[in-house]
Protein chains: 2
Amino acid sequence: MAGVLRKASKTGAANATTADLVAVLVAVTDGEPKIMTIANAGALPSGPFEFAHRSLQTGLRAWVEAQTGHPLGYVEQLYTFADRGRAGDAKSPHSISISYLGLTREDQVGQGFEAHWSGWYEYFPWEDQRSGLPAAPAKTLASRLRAWSKSAATASLQRERWQRVAITFGLDDREWNEELVLQRYELLYEAGLIPEAVRDGADATAVIPGRQMTGDHRRILATGIARLRAKIKYRPVVFELMPAEFTLLQLQRSVEALAGRLVHKQNFRRLIEQQQLVEETGAIAADTVGRPAKLFRFRHGVLAERAVVGTKLPLSRT
Amino acid sequence: MAGVLRKASKTGAANATTADLVAVLVAVTDGEPKIMTIANAGALPSGPFEFAHRSLQTGLRAWVEAQTGHPLGYVEQLYTFADRGRAGDAKSPHSISISYLGLTREDQVGQGFEAHWSGWYEYFPWEDQRSGLPAAPAKTLASRLRAWSKSAATASLQRERWQRVAITFGLDDREWNEELVLQRYELLYEAGLIPEAVRDGADATAVIPGRQMTGDHRRILATGIARLRAKIKYRPVVFELMPAEFTLLQLQRSVEALAGRLVHKQNFRRLIEQQQLVEETGAIAADTVGRPAKLFRFRHGVLAERAVVGTKLPLSRT
DNA sequence: TCGGTTATGCTCAGGATAAGTATAAGCCAA
DNA sequence: TTGGCTTATACTTATCCTGAGCATAACCGA
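About the cut-offs
Residues numbered from 1 in each chain as written. Chains lettered and ligands numbered in written order. Predicted model: local features only at pLDDT ≥ 70, side-chain atom pairs only at ≥ 80, totals over all residues. Heavy atoms only, no water. Helix = DSSP H or I, 4+ residues; strand = E, 2+ residues; numbered from the N terminus. Buried < 20%, exposed > 50% of the residue type's maximum accessible area, 1.4 Å probe, protein only. Contact = heavy atoms within 4.5 Å. Areas by Shrake-Rupley, 256 points an atom, 1.4 Å probe, with all protein chains shown as cover. Axes fitted to C-alpha atoms, helices over the stretch in contact; angles between N-to-C directions. Parallel < 35°, antiparallel > 145°, perpendicular 65-115°, else oblique. Pairing = 2+ DSSP bridges. Expected span 1.5 Å × (residues − 1). Polar contact = N/O pair within 3.5 Å; in protein donor to acceptor, adjacent residues only side chain to side chain. Phe/Tyr/Trp six-rings, centres within 6.5 Å; stacked < 30°, edge-to-face > 60°. Lys NZ or Arg CZ within 6 Å of the ring centre and 35° of its normal. Salt bridge = Lys/Arg side-chain N within 4 Å of Asp/Glu carboxyl O. Core = buried A, V, L, I, M, F, W, Y, C linked by side-chain atoms within 4.5 Å. Nonpolar A, V, L, I, M, F, W, Y, C, P; charged D, E, K, R; others polar.

**Looking at the overall build of chain A**
Phase 1: For chain A, the count of helices and strands is ten helices and eight strands.
Phase 2: Here chain A holds 318 residues, and 47% of them are scored as buried.
Phase 3: Intrachain contacts of chain A at a sequence separation of at least 6 include 61% that bridge at least 24 residues.
Phase 4: When the accessible area of chain A is evaluated, it comes to approximately 15,400 Å², of which 53% is carbon and sulfur surface.

Here it is in structure tokens:
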């Protein structure tokens with residue numbers, strides 16, 4: 001039976017799709033997370049998966065290098081989206097986007113490329129929670145979201161909406177969870193507070209600050225940020241973004257920049273040291289205000305030594 | 001410049017690809033994890049992403065229901081692969097597989113379907129570490145891997161290989177890490193110990209036990225198992241696999257079945273209870289040997305109450 | 001009633017975490 | 001040259017989490 005179904009589908013025309021490869025390429029410079037953009041900071045590096053590409057990753061590398069002149073280092077796959085938006089357009093062939101997260105250090109973008117490093121908080125201002133409480137913008141965001149909740153049909157739907165808002169945005173005494181980047185973006189999209197949503201046909205209500213991107217690119221970026229924020233907690237990926245030598249404060253600032261929140265200095269150091277992620281180079285940081293800090297380097301050995309951190313299961317020894 | 005590149009690629013012919021949707025559909029019955037298979041237990045439910053499908057997920061649902069008669073419940077995306085194997089065949093259009101993980105309860109497979117529930121450890125015997133030390137098979141596996149390490153060209157390559165083996169398989173006093181399912185499969189593939197690798201052109205050395213699958217399907221299954229083993233630790237997804245009411249021991253057995261290892265009973269209960277994942281139904285399990293156990297049900301409230309568990313960052317309160 | 005079996009409650013030591021306090025070591029300007 | 005500013009680094013304390021095991025309860029069948 002399965003065979004029959006399979007055959008039927010093969011004969012049905014028009015299974016052809018086009019697959020786009022999209023890169024979220026991240027660097028951190030001076031405590032600010034940056035992403036590589038093209039098209040006047042309105043798109044991520046991307047291009048179709050082609051015949052000549054030996055694999056998805058090589059295709060991606062080819063496109064990024066061609067468009068930005070920047071080689072790709074550490075790469076991992078993010079997610080595969082089918083295009084939403086243009087929903088009525090049922091005639092066009094399907095197009096899917098296979099997205100990747102890449103980590104590097106910032107480099108000068110070569111001449112002749114339309115590429116820029118753009119700060120990622122330009123696209124997601126609400127994701128930067130480092131500066132305590134940015135009173136005014138947060139207030140308006142919250143009130144827009146509350147208005148959206150209230151606009152639901154029934155009282156129970158209104159409660160449901162507000163609970164979602166409160167959880168994803170850490171309102172009503174809930175904790176802010178920095179990993180919910182994508183959920184926040186999706187919710188704002190659903191609430192019509194994002195230009196992309198209006199473009200895709202939502203009601204044009206008020207729109208909140210934050211630069212937009214073509215197609216699904218801002219959603220893909222949100223996915224990348226979420227993944228990276230989750231990952232720095234259990235794999236030593238920050239080091240892909242650091243220079244060869246750095247002080248512990250620089251490392252802390254990078255982590256804070258990515259996570260969008262501040263961490264406790266002394267405890268951060270203890271965490272790093274007890275995990276033996278770094279070793280002293282012997283050198284001391286120059287030209288700094290305050291007491292000079294020791295320079296450290298990443299201990300590459302840990303990649304081999306430890307596979308992953310951890311278990312939450314109460315394993316039994318016997 | 002990017003525009004120029006983009007245009008050049010558009011004019012280049014043959015960007016057409018076909019995208020297959022593949023499902024790893026899991027259930028747990030009597031403490032054994034099962035997966036839905038078709039084609040005489042040699043393939044996962046799958047079919048091409050078609051024109052008529054409104055989204056990737058609806059396409060997947062359509063295929064799984066058509067091939068197995070089983071509706072799809074909880075679903076999440078796993079990974080997107082481009083086909084490897086058939087490397088020399090550069091003429092054929094690219095084909096990519098977008099894979100999903102689905103969780104349900106086992107059901108009778110309807111008449112007229114070629115579908116079966118198959119135990120997942122049939123495909124990965126080495127992943128079941130519940131029964132203490134299965135002495136003989138583990139011994140031969142280890143010796144095969146050691147032989148592969150020794151077959152490297154230089155002494156340093158040999159050491160590298162053995163270190164990889166020891167880490168992924170928990171040898172040399174290292175801990176077994178149940179999440180490294182994919183890494184173990186990839187390593188065995190690389191070592192030519194897997195029929196699929198031989199089929200794809202590796203040297204035909206000895207092959208180890210474990211049923212094979214068509215194409216990349218066993219690799220996709222490994223990806224699914226790994227994802228599920230990781231996820232049960234931080235999201236309450238086991239409950240998708242449990243009946244409405246269950247005893248804590250049944251819950252524990254399910255977790256053990258998925259993780260492939262035994263857990264400490266008392267501590268497991270403490271973990272479940274302190275997280276308030278379940279509540280008593282008031283009823284008591286019948287027809288059991290030993291003291292009868294209380295029945296519990298999953299508290300659906302937790303999904304709304306708590307967003308995610310956790311932080312490893314030493315966050316600062318101020 | 002005793003031994004087998006599972007359920008459930010409780011303890012205890014060690015380690016990890018959150019949140020500080022205290023001190024050191026530079027610079028700079030009065 | 002000294003006091004004040006800044007950052008680095010060491011140490012403390014209370015609390016919580018985890019791994020491991022002991023003890024007891026409740027059922028069954030011989």
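**Structural notes on the packing of helix α5 (residues 181-190) of chain A against helix α7 (residues 217-231) of chain A**
All names here are of chain A.
Phase 1: In the contact formed by α5 and α7, the axes pass within 7 Å of each other and the chain directions differ by 155°. It follows from the interaxial angle that α5 and α7 lie roughly antiparallel. Only Arg218, Arg219, Ala222, Thr223, Ile225, Ala226 and Arg229 of α7 make contact with α5, whose side of the interface consists of Val181, Leu182, Arg184, Tyr185 and Glu186.

**Comments concerning the pairing of strand β5 (residues 94-103) of chain A**
Residue and element names in this part refer to chain A.
Phase 1: Summarising burial for β5: ten of the ten residues are buried, a large majority.
Phase 2: Both faces of β5 are covered, namely the face carrying His94, Ile96, Ile98, Tyr100 and Gly102 and the face carrying Ser95, Ser97, Ser99, Leu101 and Leu103.
Phase 3: Two elements, strand β1 (residues 17-29) and β5, share ten bridges in a ladder whose sense is parallel. Its bridge partner being in β5, Asp20 is matched across the sheet by Ser97.

**Describing helix α8 (residues 248-259) of chain B**
All names here are of chain B.
Phase 1: In a regular helix each residue adds 1.5 Å, so twelve residues correspond to 16 Å; α8 covers 16 Å between its end C-alpha atoms and thus fits that length.
Phase 2: Counting buried residues in α8 gives nine out of twelve residues, a clear majority hidden from the surface.
Phase 3: Within α8, burial applies to Leu248, Leu251, Gln252, Ser254, Val255, Glu256, Ala257, Leu258 and Ala259.
Phase 4: Lining the buried residues of α8 we find β1 (17-29), β2 (32-37), α7 (217-231), α9 (265-274), β7 (278-284) and β8 (294-298).
Phase 5: Trailing α8 by a residue or two, Gly260 shows a phi angle of about 75°, which is positive.

**Structural notes on the environment of Arg199 of chain B**
Residue and element names in this part refer to chain B.
Phase 1: Here Arg199 is to be found in helix α6 (residues 195-199).
Phase 2: Note: C-alpha distance between Arg199 and Gly215 (16 residues apart in sequence) is 9.7 Å.
Phase 3: In contact with Arg199, other than residues within four places in its own chain, are Gln212, Met213, Thr214 and Gly215.
Phase 4: One polar contact links the side chain of Arg199 to the main-chain carbonyl oxygen of Gly215, over a distance of 3.1 Å.

**Some remarks on the packing of aromatic side chains**
Phase 1: One pass over the structure, following the stated rule, counts 14 aromatic pairs over all chains.
Phase 2: Geometrically, the ring pair formed by Phe124 of chain A and Trp126 of chain A is edge-to-face, given 5.7 Å between the ring centres and 90° between the ring planes.
Phase 3: Given the relative accessible area of 8%, Trp126 of chain A is considered buried.
Phase 4: Arranged with centres 4.0 Å apart and planes meeting at 20°, the rings of Phe239 of chain B and Phe298 of chain B form a pair that is stacked. Taken together, the residues span a long stretch of sequence, with Phe239 of chain B in the loop between α7 and α8 and Phe298 of chain B in strand β8 at a distance of 59 residues.
Phase 5: Ring pairs connect the aromatic residues Phe124, Trp126, Tyr185 and Tyr189 of chain A, which therefore count as one cluster.
Phase 6: Here the guanidinium or amino end of Arg184 of chain A rests over the ring plane of Trp176 of chain A, the centre of that ring lying 3.8 Å away.

**Quick word on the environment of Pro33 of chain A**
Residue and element names in this part refer to chain A.
Phase 1: Relative to the elements of secondary structure, Pro33 occurs in strand β2 (residues 32-37).
Phase 2: In this structure Pro33 comes out as buried when scored by relative accessible area, which is 0%.
Phase 3: Sequence-distant contacts of Pro33, defined by excluding residues within four places in its chain, comprise Ala27, Val28, Ser118, Gly119, Trp120, Tyr121, Ala257 and Leu258.

**Points about the side chain of Asn177 of chain B**
Phase 1: Mapping Asn177 of chain B onto the fold places it in the loop between α4 (155-169) and α5 (181-190).
Phase 2: Within the structure, Asn177 of chain B has its side chain in polar contact with the backbone nitrogen of Glu179 of chain B (distance 2.9 Å).

**Topic: the pattern of salt bridges**
Phase 1: Scanning the entire structure with this criterion turns up 38 salt bridges over all chains.
Phase 2: Between Glu76 of chain A and Lys231 of chain A there is a salt bridge, with the nearest N and O atoms lying 2.8 Å from each other. Here Lys231 of chain A lies in helix α7 and Glu76 of chain A lies in strand β4 (residues 74-82), a separation of 155 residues in the sequence. Considered together, Glu76 of chain A and Lys231 of chain A belong to a single accessibility category, that of buried residues.
Phase 3: A salt bridge links Lys233 of chain B to Glu178 of chain B; the shortest N-O distance between them is 2.5 Å. Placement of the pair is Lys233 of chain B in the loop between α7 and α8 and Glu178 of chain B in the loop between α4 and α5, with a sequence separation of 55 residues.
Phase 4: Under the relative-accessibility criterion, Glu178 of chain B is labelled buried at 3%.
Phase 5: The network of salt bridges with shared partners includes Glu178, Glu179, Lys233 and Arg261 of chain A.

**Re unusual backbone geometry**
Residue and element names in this part refer to chain A.
Phase 1: In this model, Asp30 sits at a positive phi of 50°, which is unusual for a non-glycine residue.
Phase 2: Looking at the secondary structure, you find Asp30 in the loop between β1 and β2.
Phase 3: Residue classification places Asp30 among the exposed positions, given a relative accessible area of 75%.

**Regarding the nonpolar core**
The nonpolar side chains of a soluble globular protein tend to be buried, and buried together.
Phase 1: In terms of nonpolar packing, the biggest core is built from 64 residues, with Val24, Val26, Ile35, Phe169, Leu188 and Leu228 of chain B touching the most fellow members.
Phase 2: Ranked by size, the runner-up nonpolar core spans 63 residues in total, among them Phe169, Ala222, Val278 and Phe296 of chain A.

**With respect to the environment of Glu280 of chain A**
All names here are of chain A.
Phase 1: With respect to the helices, strands and loops of the structure, Glu280 is situated in strand β7 (residues 278-284).
Phase 2: On the basis of relative accessibility, which here comes to 45%, the residue Glu280 falls in the partly exposed class.
Phase 3: Sequence separation between Glu280 and Arg299 is 19 residues, and the spatial gap between their C-alpha atoms is 9.5 Å.
Phase 4: Side-chain polar atoms of Glu280 contact the side chain of Lys294, separated by 3.3 Å.

**Some words on the packing of α8 of chain B against α9 of chain B**
Residue and element names in this part refer to chain B.
Phase 1: Interhelical geometry of α8 versus α9 gives an angle of 100° and a closest axis separation of 11 Å. Compared by their axis directions, α8 and α9 come out roughly perpendicular. Each of Leu248, Leu249, Leu251, Gln252 and Val255 in α8 lies in contact with α9, whose residues at this interface are Lys265, Phe268, Arg269, Ile272 and Glu273.
Phase 2: Grouping the amino acids of the contact of α8 with α9 by side-chain chemistry returns six nonpolar, one polar and three charged.

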